[in-house]
Amino acid sequence: VLGHHEAQEVANGLIKAEKSLRYDNAMGFIMPALSEAEITAKLRDVGSRLEQHHKTGMLQAAANTIADTIVGFLVFIGVMTNKQKVRDYFARVGNSFLGMSFSMQAFWLLLVSDILVGYHSAEGWDSILAVIGQHYGFDEHGLHNWIAIFIATVPVCMDVAFKFWVFKE
C-alpha cells in the first residue's frame, strides 16, 4: 500500500500521462486514433507501472534500513571485541596530530571545522541529509523542515565544540 505522498506522485504522473496521451491522440500522432476505452486501458497500465515503481522504492528503502542496521551491529560488535586495538588506533592518530607543527595543526583544524561548520557548508549538509533520507525512503519534502532545523543547530554546536577544544588551555 502506498503512502499519501507516493499516491499523490502516482496521481500526478498519471495526470501527465493522460494529458500527453490525449494530446498525441488529438493531434493524430497515434494512428489509428484511440477510443476512450483504449485510453483508459493505457492509463491503467501507466498507473500500474508507476505504482510498481514506488513500491519497489519502498522495498529498497526497507532493505537499506535492514542492511545498515546489520552492518552497524557488526561494527559495534567488532569495536567491542577489539577495544584495545581501537584505543591504540585513536592514540596513534592523536599522537600523529600532536606531533605536527603548530601551523599544520592549525591548518587541519581550520580545514575540518570550515568543511563541517563553515558558512558555505549549509548546501553540503542539505545535500548529504537529503541523500541519507532518500536512502531510507523518506520523502525529501517531508524532511525539509527537519533538515533546516538540523543545519541551524548541529553545525553551531560543532563550531562551539571545536572552539572549546582549541581554546580550552
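Presented here is an overview of the structure given in this document. (Residues numbered from 1 in each chain as written. Predicted model: local features only at pLDDT ≥ 70, side-chain atom pairs only at ≥ 80, totals over all residues. Heavy atoms only, no water.)

### What to know about the packing of aromatic side chains
We apply this condition: The criterion for an aromatic pair is that two Phe, Tyr or Trp rings (for Trp, the six-membered ring) have centres within 6.5 Å, with stacked assigned to planes under 30 degrees apart, edge-to-face to planes over 60 apart and tilted to the rest. Note on exposure labels: buried denotes an accessible area under 20% of the residue type's maximum, exposed denotes more than 50%, and partly exposed covers the range between, all computed with a 1.4 Å probe on protein chains only.
Evaluation of the coordinates by the stated rule reveals four aromatic pairs. With 5.3 Å between their ring centres and 70° between their planes, Tyr89 and Phe90 make a pair best called edge-to-face. What makes Tyr89 partly exposed here is its relative accessible area of 45%.

### Here we look at the environment of Phe138
The test is simple: Elements are defined by DSSP. Helices are runs of H or I of four residues or more, strands are runs of E of two residues or more, and each kind is numbered from the N terminus. Residue contacts are counted whenever heavy atoms from the two residues lie within 4.5 Å of one another.
You can see Phe138 is positioned in the loop between helix H5 (122-135) and helix H6 (140-167). Contact partners of Phe138, with chain neighbours within four places excluded, come to Gly133 and Leu143.

### Let's talk about unusual backbone geometry
Omega for the peptide link from Met31 to Pro32 comes to -10°, which places this bond in the cis form. Mapped onto the elements, Pro32 comes out in the loop between helix H1 (4-26) and helix H2 (36-81).

### Examining the side chain of Asn64
Along the chain, Asn64 falls in helix H2. Ignoring sequence-local partners within four residues, the contact set of Asn64 consists of His135 and Tyr136.

### A closer look at the packing of H1 against H2
The condition that has to hold: To obtain an axis, a line is fitted to C-alpha atoms, over the contacting stretch when the element is a helix, and the angle between two such axes runs from 0 to 180 degrees between their N-to-C directions. By the definition used in this description, the sense in which the near helix is turned from the far one sets the handedness, with an anticlockwise turn below a right angle giving left-handed and a clockwise turn giving right-handed. All residues other than Ala, Val, Leu, Ile, Met, Phe, Trp, Tyr, Cys, Pro, Asp, Glu, Lys and Arg, Gly among them, are scored as polar; the first ten of these are nonpolar and the last four charged.
It is the contact of H1 with H2, at a shortest axis distance of 9 Å, that shows an interaxial angle of 150°. Handedness of the crossing formed by H1 with H2: right-handed. Residues Glu6, Glu9, Val10, Gly13, Leu14, Ala17, Glu18, Leu21, Arg22 and Asn25 of H1 touch H2, and the partners they reach there are Glu36, Ile39, Lys42, Leu43, Val46, Gly47, Leu50, Glu51, His54 and Met58. Taken together, the residues that form the contact of H1 with H2 break down as nine nonpolar, four polar and seven charged.

### What to know about the side chain of Asn25
If you trace the backbone, Asn25 turns up in helix H1. Asn25 sits in the buried class, given a relative accessible area of 14%. Asn25 has contacts with Ile30, Ala33, Leu34 and Ile39, leaving out every residue within four places of it along the chain.

### Details of the layout of surface pockets
For clarity, the cut-off: Here a cavity means grid points, on a 1 Å grid over the protein atoms only, where a 1.4 Å probe fits yet cannot get out; a pocket means an open set of points with protein on both sides within 12 Å along at least five of seven lines; lining residues are those with an atom within 4 Å of a point. Grid points are joined across faces, edges and corners, and a volume is the space filled by probe spheres set on the points.
Size it by volume and the largest pocket reaches roughly 450 Å³. Considering the residues around the largest pocket, the lining is formed by 17 residues, among which Leu109, Phe162, Trp165, Val166 and Phe167 are closest to the centre. Put simply, the parts of the chain that give the lining of the largest pocket at least two residues each are helix H3 (83-98), helix H4 (102-117) and H6. In terms of residue count, H4 provides more of the lining of the largest pocket than any other element does, seven residues in total. When the residues that make up the lining of the largest pocket are grouped by side-chain class, the tally is ten nonpolar, two polar and five charged. Quantified by volume, the second largest pocket comes out at close to 340 Å³. Forming the walls of the second largest pocket are 16 residues, and the residues nearest its centre are Glu6, His54, Gln134, Gly137 and Phe138. Every element with two or more residues in the lining of the second largest pocket is listed here: H1, H2 and H5.

### Looking at the packing of H4 against H6
Defined as follows: Any angle that is under 35 degrees is reported as roughly parallel, and any over 145 degrees as roughly antiparallel; angles of 65 to 115 degrees are reported as roughly perpendicular and all others as oblique.
The N-to-C vectors of H4 and H6 enclose an angle of 165°; their axes lie 9 Å apart at closest approach. Between H4 and H6, the interaxial angle falls into the category roughly antiparallel. When you trace H4 past H6, the crossing you get is left-handed. Counting all contacts with H4, which are made through Leu109, Val112, Ser113, Leu116 and Val117, the residues of H6 involved are Pro155, Met158, Asp159, Phe162, Trp165 and Val166.

### Some thoughts on the pattern of salt bridges
Inclusion rule: A side-chain nitrogen of Lys or Arg and a carboxyl oxygen of Asp or Glu constitute a salt bridge if their distance falls within 4 Å.
Tallying each qualifying case throughout the model produces five salt bridges. For Arg22, the salt bridge is made with Glu36, and the minimal N-O distance between the two is 2.6 Å. Pair noted here: Arg22 is in helix H1 and Glu36 is in helix H2, with a separation of 14 residues, a long-range link. Judged by its relative accessible area of 47%, Glu36 falls in the partly exposed class. With its nearest N and O atoms 3.9 Å apart, the salt bridge here joins Glu51 to Lys55.

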